[in-house]
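Observations on chain architecture
What follows is the residue order along each chain.
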Amino acid sequence: GEAAAVNGLCAAIPSGSSVVFVDGPAADRLTEVVRGMCGDPVARATPNTSTPKVSSVKEVVRNIQRAGRRPVLLAGTSSELKPYAGLPRKVMTLHSTMDTDTLMAPPRTTAPLKLNVWMLEPAS
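Residues numbered from 1 in each chain as written. Predicted model: local features only at pLDDT ≥ 70, side-chain atom pairs only at ≥ 80, totals over all residues. Heavy atoms only, no water.

1. Details of the packing of helix α1 (residues 2-12) against helix α2 (residues 24-38)
The N-to-C vectors of α1 and α2 enclose an angle of 75°; their axes lie 10 Å apart at closest approach. On the basis of the axis angle, α1 is roughly perpendicular to α2. Facing Val 6, Leu 9 and Cys 10 of α1, the residues of α2 in contact are Val 33, Val 34, Met 37 and Cys 38. Looking at the contact of α1 with α2, its residues break down into seven nonpolar, no polar and no charged. (Axes fitted to C-alpha atoms, helices over the stretch in contact; angles between N-to-C directions. Helix = DSSP H or I, 4+ residues; strand = E, 2+ residues; numbered from the N terminus. Parallel < 35°, antiparallel > 145°, perpendicular 65-115°, else oblique. Contact = heavy atoms within 4.5 Å. Nonpolar A, V, L, I, M, F, W, Y, C, P; charged D, E, K, R; others polar.)

Now the structure itself:
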């Protein structure tokens, strides 16, 4: 279930890491999970729908390293991590349900939620 998926994600993040999401949808759903349940500092390097500039993410990675922490990049697909040196690996697969999106009324149904999370520890 959800708890096992989140526990697996938390276990995959090395101690002393600072986490950066490079994927908007994953960040929307998991930023607070990583911060609150895994206990790691976390930020997003992307607006809601676009891909962040590689140079901007690399600068964030360098700043995390300069602060003496381990940078960890998270994304919904491995291809989003390809611009960065290192080997992406899948650290979470979640199949669940979520409330349907509504604008003017409470949700009346649920929709499937399929969420994969890929992790990369960028090479120094």
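2. Considerations on the pattern of salt bridges
Within the structure shown, the criterion is met by five salt bridges. The partner of Arg 62 in a salt bridge is Glu 59, and the shortest N-O contact between them spans 2.6 Å. Placement of both Arg 62 and Glu 59 in helix α3 (residues 54-66) is noted, with a separation of three residues, approximately one turn of the helix. Classification of Glu 59 as partly exposed rests on a relative accessible area of 33%. Arg 70 is the partner of Glu 121 in a salt bridge, and the nearest nitrogen-oxygen pair spans 2.7 Å. Of the two residues, Glu 121 sits in the segment after β5 (110-120) while Arg 70 sits in strand β3 (residues 70-75), which places them 51 residues apart along the sequence. We classify Glu 121 as partly exposed; its relative accessible area is 31%. (Salt bridge = Lys/Arg side-chain N within 4 Å of Asp/Glu carboxyl O. Buried < 20%, exposed > 50% of the residue type's maximum accessible area, 1.4 Å probe, protein only.)

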